[in-house]
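# Descriptive structure summary
In case you want the letters, here they are:
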Amino acid sequence: MKRSHVNEIIRESDAFMRSHGFVLPPFAYWSPEELKTRIASDSPTIFEARLGWDITDYGKGRFAEFGLVLFTLRNGAAANLGQGKGMVYAEKLMITRAGQVNPLHRHAVKTEDIINRGGGTLVLEMYNSLPDGSVDEESDVEVACDARLRRQRAGDLLKLEPGESVTLPPGNWHAFWAVGDDVLMGEVSTVNDDLTDNYFREPVGRFSAIEEDEHPLHLLVSDYGNWLKASG
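Sequence order as written defines the numbering, with residues in each chain counted from 1. It should be noted that, the model being predicted, local features are given only for residues of pLDDT at least 70 and side-chain atom pairs only at 80 or more, the latter also being counted only at that level, while totals for whole chains, interfaces and linings use all residues. Each side-chain value is worked out from all heavy atoms of the structure, with water and hydrogens disregarded.

## Some points on the overall build of the chain
Counting from the N terminus, the helices are DSSP H or I runs at least four residues long and the strands are E runs at least two residues long. From N to C terminus, the chain includes five helices and 12 strands. Radius of gyration: C-alpha atoms only; globule rule: 2.2 Å multiplied by the number of residues to the exponent 0.38. Rg of the C-alpha trace for the chain: 18 Å, near the compact-globule value of 17 Å for 232 residues, within the 12% margin. Projected onto the principal axes, the alpha-carbon positions of the chain cover approximately 55 × 45 × 35 Å. Only protein chains enter the calculation, and the probe is 1.4 Å; a residue is then buried if its accessible area is under 20% of its type maximum, exposed if over 50%, and partly exposed in between. The buried share of the chain, taken over its 232 residues, is 48%. Working rule for contacts: check all heavy atoms of both residues, and any pair within 4.5 Å makes them a contact. When contacts within the chain are restricted to residue pairs at least 6 apart in sequence, long-range pairs at least 24 apart make up 74% of them. Neither His nor the chain ends is counted toward charge; the positive residues are Lys and Arg and the negative residues Asp and Glu. Charge positions come from single atoms, namely NZ of Lys, CZ of Arg, CG of Asp or CD of Glu. Taken as two groups, the 24 positive and 36 negative side-chain charges of the chain have centres that lie 2 Å from each other.

## Here's the deal with the pairing of strand S11 (residues 173-190)
Only strands joined by at least two bridges in the DSSP assignment are considered to pair. Pairing of strand S3 (residues 89-96) with S11, which is carried by eight bridges, proceeds in the antiparallel orientation. Residue Ile95 lies in a different strand from S11, and its bridge partner there is Leu184. When strand S4 (residues 102-106) meets S11, the two strands line up antiparallel, connected through two bridges. Paired with Asn102 across the two strands is Phe176, which belongs to S11. Across 14 bridges, the pairing between strand S5 (residues 112-129) and S11 is antiparallel. Looking at S11, one finds that Glu125 is bridged to Ala175.

## Some points on the environment of Ser222
Its location among the elements puts Ser222 in the loop between strand S12 (199-200) and helix H5 (224-230). A relative accessible area of 28% means that Ser222 is categorised as partly exposed. Taking C-alpha positions, Ser222 is 8.7 Å from Trp53, a pair spaced 169 residues apart along the chain. Those residues in contact with Ser222, other than ones at most four positions away along the chain, are Arg50 and Phe207.

## Let's talk about unusual backbone geometry
Backbone geometry at Tyr58 places phi at a positive 55 degrees, although glycine is not the residue there. Within the secondary structure layout, Tyr58 lies in the loop between strand S1 (52-56) and strand S2 (68-75). When its relative accessible area of 5% is taken as the criterion, Tyr58 is described as buried. Look at Asp146: it is not a glycine, yet its phi comes out positive at around 50 degrees. Along the chain, the position of Asp146 falls in the loop between strand S7 (141-145) and strand S8 (148-152). On the accessibility criterion, Asp146 (44% relative accessible area) is partly exposed.

## Describing the pattern of salt bridges
Throughout this description, the term salt bridge denotes a Lys or Arg side-chain nitrogen within 4 Å of a carboxyl oxygen of Asp or Glu. Here the structure, examined in full by the defined rule, presents 16 salt bridges. A salt bridge links Arg38 to Glu34, with the nearest nitrogen and oxygen atoms 3.3 Å apart. Within this pair, Arg38 and its partner Glu34 are both found in helix H2 (residues 32-40), separated by four residues, close to a single helical turn. The partner of Arg201 in a salt bridge is Glu137, and the shortest N-O contact between them spans 2.4 Å. Highlighted residues: Arg201 in the loop between S12 and H5 and Glu137 in the loop between strand S6 (135-136) and S7, separated in sequence by 64 residues. Taken together, the shared-partner salt bridges connect Asp54, Lys92, Asp194 and Arg206 into one network.

## Description of H2
Within the span of H2, buried status applies to Pro32, Leu35 and Ile39. When H2 is viewed along its axis, its buried side chains cluster within an angular range of 55 degrees and face the same direction. The arc in question is formed by the directions pointing from the helix axis toward the C-beta atoms.

Written out as structure tokens, the structure is:
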């Protein structure tokens, strides 16, 4: 993805979130230079927990067809899960555009609530996992939607209107997209690790390669390692 396109998506995404009453925390708007200074002084958790902007086209180069905007608001550490105390949770805001598919994937550790915060209809295609972790094409899928248990056949579509949510346990295979209009999604989960706890059915690039055709408006979490070290 070109950096100019990423910058444009960030501006559009911030406006879309605000249109639904969600305002991001101050660090969402820090320049790369301020972010580097603050991480080195009073905000190291942003780097350690990978908080901030995350925009991906899954390495396909067709963001309008395959892509997702995410902003990680808060995130604990894996060590907290093992100890059973501290910040054992995470929270994200996400935007999936109408007609934009997010590929089938599962998590081995994370339990997540996916919430339609506003916009169109959020549609999920879901399967269970076989013992080896692969997709179970046969067994019924049972999930909780706003505390109400729902059972459906493998591959059937679950539709969430604004305000509705679903709880996805580890091992649940799911793809999702928006119908009718773009959807603002919430995610409340156990500790999130996008580096090691995303398993896609088809090979994809979770983080996009960026072509630097202009200065970053704000850094992506995938920029943190290289950009913060390379910039002065």
